Amino acid sequence: MSKCVGAAPASWFIAFTATHHVPLIGASLITLRLHHKTTYRYRVPVSLGPHRLMLRPRESHELRLISNDVVVTPAATVTWARDVFGNVVATASFEAMADMLVIESVADLELNTIAWPVFDIAASAIFYPFRYSDDDWIDLGALTIQQYADPEGRLRAWAQAFIRGNPTDTLSLLKDINANIASWISYQSREDEGTQTPLETLDRGWGSCRDFAVLFVEAVRSLGFGARLVSGYLYNPDRHLEGSRDTGSTHAWAEVYVPGAGWITFDPTNRSVGGFNLIPVAVARDIHLTVPVAGSFAGTKDAFVGMTVDIRIASQPPEA
């Protein structure tokens, strides 16, 4: 294959404290409190199967996690691990039956991002097409492979239309695809589970933030880039960004690996580049691997009443 880029009785509790963080020069430093509460209700008590939780923000040079408290009700045995992408994953196992399950996460963090970042792209990758190094190509692996069928090459043809010449500026190409998805596709919030395929999104002309992110990732993969999906939260204090009904919400976006610059963040829902206003929790090859809460229960067919998710993100005074 070518390398050319063509424990309390009613709940369980845990806390984390982060390490020292050096602010980025020219960055906007804000301290936030993120509150994520997921509630499941059942008509009668049910047996709860193991639940997989991906709620802890990913620490980086742009994000310092001050603390993260997670409470699960009813009481659960919780084990923690990191998956193949380095995401922190908790597994909650229950003994008692219950007619309600509440999973609540509160995180205090510092977000230290730049609204208009400058990317130090390696000279070998400034223009497209370029070649990943042999080591990068091996390590990117499945992140360069399209995950959805495109038998007639329709998605690749759509993506190739943004190539302005040979060679063409790499970052400009990625920015054009990122910005134009919102021109082609109308944003619609969707509460039901699942994600549209890229071709479904193009044909229907509408989609949610996760549909936008999947379309972008699959499009750039069709051109030979290594890319991954990201899930997390969108901080929207002015309530002007798509993908959020209030000051914050869960959100999905993408990252593309470009030599020299590393992983560059693209949010096609809001046509933005860089991690400004974004709080990442999980990265993965496919969007279904980044679900915040996933689990099962055993009970009657009509036992499940419904699920509610409440997200609140508020600015806090700087840490002393």
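Residues numbered from 1 in each chain as written. Predicted model: local features only at pLDDT ≥ 70, side-chain atom pairs only at ≥ 80, totals over all residues. Heavy atoms only, no water.

1. What to know about the overall build of the chain
Part 1 of the argument: Helices and strands together make up the secondary structure of the chain, namely five helices and 19 strands.
Part 2 of the argument: Within the chain, the fraction of its 320 residues that count as buried is 49%.
Part 3 of the argument: For the chain, the accessible surface area stands at approximately 15,300 Å², while carbon and sulfur atoms represent 54% of it. (Helix = DSSP H or I, 4+ residues; strand = E, 2+ residues; numbered from the N terminus. Buried < 20%, exposed > 50% of the residue type's maximum accessible area, 1.4 Å probe, protein only. Areas by Shrake-Rupley, 256 points an atom, 1.4 Å probe, with all protein chains shown as cover.)

2. Looking at the pattern of salt bridges
Part 1 of the argument: This model, assessed by the stated rule, comprises nine salt bridges.
Part 2 of the argument: We note a salt bridge from E59 to R56, for which the minimum N-O separation is 3.2 Å.
Part 3 of the argument: Between E200 and R204 there is a salt bridge, with the nearest N and O atoms lying 4.0 Å from each other. Of this pair, E200 and R204 both sit in helix α4 (residues 198–204), separated by four residues, roughly a single helical turn. (Salt bridge = Lys/Arg side-chain N within 4 Å of Asp/Glu carboxyl O.)

3. A few points about unusual backbone geometry
Part 1 of the argument: In this chain, T73 is followed by P74 through a cis amide linkage whose omega measures 10°.
Part 2 of the argument: With respect to the helices and strands, the residue P74 is situated in the loop between β4 (63–73) and β5 (76–82).
Part 3 of the argument: The omega torsion of the bond from N166 to P167 falls at 5°, within 30 degrees of zero and hence cis.
Part 4 of the argument: Its location among the elements puts P167 in the loop between α2 (154–160) and β9 (168–169).
Part 5 of the argument: For R271, which is not glycine, the phi dihedral falls at a positive 55°.
Part 6 of the argument: Mapped onto the elements, R271 comes out in the loop between β14 (262–267) and β15 (272–273).

4. Overview of the sheet that holds β5
Part 1 of the argument: An order of β5-β6-β3-β17 is seen for the four strands of this open sheet, with the pairing classed as antiparallel. At either end of the open sheet lies a strand with only one pairing partner, and these are β5 and β17 (293–294).
Part 2 of the argument: Two strands pair when backbone bridges link them, and strand β3 (residues 51–53) and β17 are joined in this way by two bridges, in the antiparallel orientation. Each residue of the ladder has a partner; that of L53, found in β17, is V293. (Pairing = 2+ DSSP bridges.)

5. So, the nonpolar core
Part 1 of the argument: Among the nonpolar cores identified, the biggest contains 42 residues, and W158, I177, F216, F225 and V256 are the most heavily contacted of them.
Part 2 of the argument: Elements supplying a minimum of two residues to this core: α1 (134–140), α2, α3 (170–184), α4, α5 (209–222), β12 (226–235), β13 (248–258) and β14.
Part 3 of the argument: A total of nine residues in this core trace back to one element, the largest contributor, which is α5.
Part 4 of the argument: With 34 residues, the next largest nonpolar core counts L48, L101, I103 and V293 among its residues. (Core = buried A, V, L, I, M, F, W, Y, C linked by side-chain atoms within 4.5 Å.)

6. A short note on the pairing of β14
Part 1 of the argument: In terms of residue burial, β14 counts as a mostly covered element, since five of its six residues are buried.
Part 2 of the argument: Inspection of the sheet shows β14 paired to β15 by two bridges, in the antiparallel sense. Pairing of D267 across the sheet is with S272, part of β15.
Part 3 of the argument: Between β14 and β15, which pair antiparallel in sequence order, lie four residues; one of them, R271, sits at a positive phi of approximately 55°.

7. A few points about the pairing of strand β7 (residues 98–113)
Part 1 of the argument: Among the 16 residues that make up β7, twelve are buried, leaving the element largely enclosed by the rest of the structure.
Part 2 of the argument: With ten bridges joining them, β4 and β7 adopt antiparallel strand pairing. The partner of V70 across the bridge, within β7, is S105.

8. Re the side chain of T168
Part 1 of the argument: With respect to the element layout, T168 can be found in strand β9.
Part 2 of the argument: Under the relative-accessibility criterion, T168 is labelled buried at 9%.

9. Some points on a nonpolar patch on the surface
Part 1 of the argument: Taken together, the side chains of F297, F304, M307 and V309 present a nonpolar region at the surface, about 330 Å² in accessible area.
Part 2 of the argument: In terms of residue count, the dominant contributor to the nonpolar patch is strand β19 (residues 304–316) (three residues).
Part 3 of the argument: With respect to the secondary-structure elements, F304 resides in strand β19.
Part 4 of the argument: Since its relative accessible area comes to 37%, F304 is described here as partly exposed. (Patch = residues over 30% accessible without salt bridge, like charges linked within 9 Å, V, L, I, M, F, W, Y side chains within 5 Å.)

10. Observations concerning the packing of aromatic side chains
Part 1 of the argument: Scanning the entire structure with this criterion turns up 13 aromatic pairs.
Part 2 of the argument: Measuring from centroid to centroid gives 5.7 Å for W158 and W184, while their planes differ by 85°, and the two rings are edge-to-face. Of the two residues, W158 sits in helix α2 while W184 sits in helix α3, which places them 26 residues apart along the sequence.
Part 3 of the argument: What makes W158 buried here is its relative accessible area of 9%.
Part 4 of the argument: Their ring planes at 70° and their centres at 6.2 Å tell us that Y187 and F212 sit as a pair that is edge-to-face. Pair noted here: Y187 is in strand β10 (residues 186–187) and F212 is in helix α5, with a separation of 25 residues, a long-range link.
Part 5 of the argument: By relative accessible area, which is 23% here, Y187 ends up partly exposed. (Phe/Tyr/Trp six-rings, centres within 6.5 Å; stacked < 30°, edge-to-face > 60°.)

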